[in-house]
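# Structural features, examined
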Amino acid sequence: MGTKTDEKIKAFDFAADTTKQLISISTGIIALMVTFSKDIVGNSINSKGLLTWTWGIFILSIIFGVFTLMALTGTLQPIKKPKKGEEEKEEEIELDINNGNIRILSFLQVLTFVGAIILTGIFGYQSLNNEKKVNEYKDKYPIIRKSTLNNDASKVYIDTLYLEKNKTSH
């Protein structure tokens, strides 16, 4: 079995690997969503807003992940400046994966990652429902009427009427 210091360094390695995995997954999901967003979203304004929030939260997760890696590095090798007139001396550094700077940043990364995953699920559910609505009206003609109440631009109403397409051919 290794020494206590070896075990603590191994804990830092695992924390760094976990942080890197969350960064990679977040980056991959953003890339996939950007690639296929036009096919999924279409012209739905609600979906575009949700998608923007999802991307933003994934980006925050990535940023917190980078800061977590920096905190891990800084904890393993802190900057020690000798005071004036003193020689630089080797000090025993207490390694602790539970330092506040690491815990807070790691927690924020995981929290934003989970939040973005939840928003991705909501987005996916809405996209599926949107597709069902599109298929529901594929055999109908939409007739859209835009009305303004008393020429007041803030009181605009849009009504949609769907008429069945004539399925008989002539």
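Let us look at the structure shown here. These numbers were taken from a predicted model, which means no experiment stands behind them. (Residues numbered from 1 in each chain as written. Predicted model: local features only at pLDDT ≥ 70, side-chain atom pairs only at ≥ 80, totals over all residues. Heavy atoms only, no water.)

### Focus on the environment of D139
Here D139 shows up in the loop between helix 3 (100-136) and strand 1 (140-148). For D139, a relative accessible area of 36% gives the class partly exposed. (Helix = DSSP H or I, 4+ residues; strand = E, 2+ residues; numbered from the N terminus. Buried < 20%, exposed > 50% of the residue type's maximum accessible area, 1.4 Å probe, protein only.)

### A word on the side chain of T19
Locating T19 in the fold gives a position in helix 1 (residues 4-41). Residue T19 is classed as buried on the basis of its relative accessible area, which comes to 3%. Discounting residues that sit within four places of it in the chain, T19 has contacts with G65, T68, L69 and Q109. (Contact = heavy atoms within 4.5 Å.)

### A word on the packing of aromatic side chains
Here the structure, examined in full by the defined rule, presents one aromatic pair. For the pair F58 and F113, a centre-to-centre distance of 6.1 Å together with 65 degrees between the ring planes defines the contact as edge-to-face. Separated by 55 residues along the polypeptide, F58 in helix 2 (residues 45-76) and F113 in helix 3 bring together distant segments of the chain. Among the residues examined, F58 registers a relative accessible area of 0% and is labelled buried. For F113, a relative accessible area of 12% puts it in the buried group. (Phe/Tyr/Trp six-rings, centres within 6.5 Å; stacked < 30°, edge-to-face > 60°.)

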